[in-house]
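Architecture and fold: a report
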Amino acid sequence: MSQDSKVKTTESSSSAPPKARKLLPVLDPCGDYYYWWLNTMVFPVMYNLIIVVCRACFPDLQRYYLVAWLVLDCTSDLLYLLDIVVRFHTGFLEQGILVVDKGRISSRYVRTWSFFLDLASLLPTGVAYVSLAPHTPTLRLNRFLRVPCLFEAFDRMETHTVHPNAFRVAKLMLYVFAVIHWNSCLYFALSRYLDFGTDAWVYPDPAQPGFEQLRRQYLYSFYFSTLILTTVGDTPLPDREEEYLFMVGDFLLAVMGFATIMGSMSSVIYNMNTADAAFYPDHALVKKYVKLRHVNRRRQRRVIDWYQHLQINKKMTNEVAILQHLPERLRAEVAVSVYLPTLSRVQIFQNCEASLLEELVLKLQPQTYSLEYVCRKGDIGREMYIIREGQLAVVADDGVTLYAVLGAGLYFGEMSIINIKGKMSGNRRTANIKSLGYSDLFYLSKEDLQEVLSKYPQAQAVMEEKGREILLKMNKLDVNAEAAGTALQEATEAQLRGLDQQLDDLQTKFARLLAELESSALKIAYRIERLEWQTQEWPMPEDLAEADAEGEPGEGTSKDGEGRAGQEGPPSPEG
């Protein structure tokens, strides 16, 4: 689209009356309005798929309720027409952005197969009622072309529902009913074509008492089709070729339907098992392990009870893994909506930055305890706990004497994951915490907290100061030890700074020595090369002996001198 056409489109849309723009908005294909419109279109499409074929094969049904069918036909046609209007006002995504330009939406829609199918499904075949009489519902068979709209609606429903497996089973049963319904209508039409009651296979003669009723005709045909398609048997043997062909076609359809049903049900069961495996830990491996290792029966019973508690109460222990495929920001928002109220109760995390709390929320890990110690006095504290549900008791060393009971919303162990100088207990636990029943906790490890706080040094300082104030109120902070620790830290930091300076000086000296070494090596190499040139000019002993034997040492000496003078010397350092 050119720039001028874009400007014209913008001007025309801006010049349109506000009421017109409000009456015909652009729908988001992923929005709720479009979703509910698809759900509305399910009814006219299903009406044409189920009722029209029944009216065509059962003439009494068409004749008895003619006025009702005409009203319903007009209503479904009106909804079909409105659906085309909605398609012209349904945007589409282009590079992830919703296109709301109605000109582009219309030009895109008219170039798709859906537009031609929608037009063909609305051809005014009902006008032929004038010449062929109104008892010819087969003229509406073109309305079946809207079946893709039905499939689209089912796909949207499956993604919107919170019970997708149940919806898949219901959808499968609807398809089975539709197939048997169509087959029963075709069976009755074939029986009428072959004449009723001519043999045992076709529908009995309506002149017999009870078989003339419309309800009996449909139920008998539906029952007969169900027997064939389920391959149960107990059906009369066919006598004519048309009957044989009908039975063969139904048997082939039954085989395909059986395979489809088995595959769909297997998929549903597999999805349910996969969902359970994703939400709840696999207890079969643990049960097999404790049995192979001959763990006593009492502990085996506790393991089984723990897994059973998780399964019955729908409790999850791997929530982080379930959300791992979401974008990081969306995963943080979901986790914040679930865990932030719990994390905000912790005193040391109050008034912290929102981004810090979001990162901490992603580090929380759920854990369930059952009649066991969460921590013991003297243990090294590596995590803090927040009680989500259940009750925990602070008990004495004997495990019986009860000091206090902690309920939902409370927390403990927060001081063990913050590095505060002067803590009297260090990183050791100061109390025994025992679960009185099944308790759901969130725990935050010290490593995860330090990893997050390394990105927020100011928040780390504030949190340590807040923890120091809490320890002072509890009389669990040794001020002298804190001052000594601070002085020791400052002295250590000063020593580290001195060592850093000395290391820098050593590096400078080493660089100078290395440069001098390279210069000395270069000079020595030049001197060795010069000596090699000089030694090449010296006469060999054999040459001197020959010169003495000839008796012309002076001449030879002068010649050698001339030869040496004619040769080039070694290259100069400048060369």
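From a predicted model like this one, the values you see are computed outputs, not experimental measurements. Each chain has its residues counted from 1, running along the sequence as written. Local features are withheld for residues below a pLDDT of 70 in this predicted model, meaning they are given only at 70 or higher, and side-chain atom pairs are given and counted only at 80 or more; totals for whole chains, interfaces and linings count all residues. Excluded from the side-chain calculation are hydrogens and water; included are all heavy atoms of the structure.

Moving on, we come to unusual backbone geometry. Non-glycine residue H294 carries a positive phi angle of around 60 degrees. If you trace the backbone, H294 turns up in the loop between helix 13 (283-292) and helix 14 (297-312). Even without a glycine there, the phi angle at L371 is positive, about 50 degrees. Elements are defined by DSSP. Helices are runs of H or I of four residues or more, strands are runs of E of two residues or more, and each kind is numbered from the N terminus. Position of L371 relative to the elements: it lies in the loop between strand 3 (365-370) and strand 4 (373-375).

Before going further, it helps to spend a moment on the packing of aromatic side chains. When two rings of Phe, Tyr or Trp (its six-membered ring) have centres within 6.5 Å they constitute a pair, described as stacked for plane angles under 30 degrees, edge-to-face for angles over 60, and tilted for the intermediate range. One pass over the full model with this rule turns up 29 aromatic pairs. On the basis of an interplanar angle of 65 degrees and a centroid distance of 5.2 Å, the ring pair of Y35 and W36 is categorised as edge-to-face. We call a residue buried when its accessible area falls under 20% of the maximum for its residue type, exposed when it is over 50%, and partly exposed in between, using a 1.4 Å probe and counting protein chains only. The buried category is assigned to Y35, whose relative accessible area is 10%. For W36, a relative accessible area of 53% gives the class exposed.

In the predicted model, the protein chain carries a mean pLDDT of 80, and 82% of its residues have values of at least 70. Contacts from residues 553-569, a stretch scored under 50 in pLDDT, to residues over four places away or in other chains number 9 contacts. Confidence scores per residue from the predictor, reported as pLDDT, run from 0 to 100. By definition, residues are in contact when any of their heavy atoms lie within 4.5 Å.

Looking now at the sheet that holds strand 3. Think of it this way: DSSP has to see at least two bridges between two strands before they count as a pair. Pairing in this open sheet of 4 strands is antiparallel, and the strands run 3-10-5-8 from one edge to the other. Two strands in the sheet have a free side with no partner beyond their single neighbour: strand 3 and strand 8 (411-412).

Bringing the environment of I304 into the picture now. Looking at the element boundaries, I304 is found in helix 14. Classification of I304 by relative accessible area gives partly exposed; the value is 29%. The sequence separation of I304 and H283 amounts to 21 residues, and the corresponding C-alpha distance is 7.8 Å.

Time to look at the UniProt feature "transmembrane region" (unreviewed entry) in the protein chain. UniProt positions are given in the numbering used here, feature names are shortened, and annotations may be inferred rather than shown by experiment. The UniProt entry lists residues 34-57, 113-133, 172-190, 218-237 and 244-265 under the feature "transmembrane region" (unreviewed entry), expressed in the numbering used here. With 60% helix and 0% strand, residues 218-237 has end C-alpha atoms that lie 21 Å from one another. Across residues 244-265, the secondary structure splits into 100% helix and 0% strand, with the terminal C-alpha atoms separated by 31 Å.

Next up on the list: the pattern of salt bridges. Think of a salt bridge as a Lys or Arg side-chain nitrogen and an Asp or Glu carboxyl oxygen that are within 4 Å of each other. Under the criterion given, the structure shown has 19 salt bridges. Its salt-bridge partner being R87, residue D83 comes within 3.5 Å of it at the nearest N-O pair. Placement of the pair is D83 and R87 together in helix 5 (residues 66-88), with a separation of 4 residues, close to one helical turn. If you follow the salt bridges from partner to partner, you end up with D83, R87, D118, R146, E152 and R156 in one network.

This part takes up a nonpolar patch on the surface. Exposure above 30% relative accessible area and no salt bridge define the residues that can form patches, which grow by joining like charges within 9 Å and nonpolar side chains of Val, Leu, Ile, Met, Phe, Trp and Tyr within 5 Å. For accessible areas, the Shrake-Rupley method is used with a probe of radius 1.4 Å. Any residue's cover is judged against the shown protein chains and nothing else. Residues L78, L81 and L82 make up a contiguous nonpolar surface patch of roughly 270 Å² in combined accessible area. Take L81: it is sitting in helix 5. Looking at L81, the relative accessible area reads 46%, which means it is partly exposed.

When two helices pack together, you describe them by how their axes are tilted relative to each other and by the distance separating the axes. Only the stretch in contact is used when a helix axis is fitted, and all axes are lines through C-alpha atoms; the angle between N-to-C directions ranges over 0 to 180 degrees. Relative to each other, helix 3 (residues 32-57) and helix 5 sit at 140 degrees, their axes nearing to 10 Å. Considering the relative orientation of helix 3 and helix 5, their crossing is left-handed. Facing Y34, W37, L38, M41, P44, V45, Y47, N48, I51 and R55 of helix 3, the residues of helix 5 in contact are W69, L72, D73, S76, L79, Y80, L82, D83, V86 and R87. Crossings are sorted by hand: turned counterclockwise from the far helix by less than a right angle, the near helix makes the crossing left-handed, and turned clockwise it makes it right-handed.

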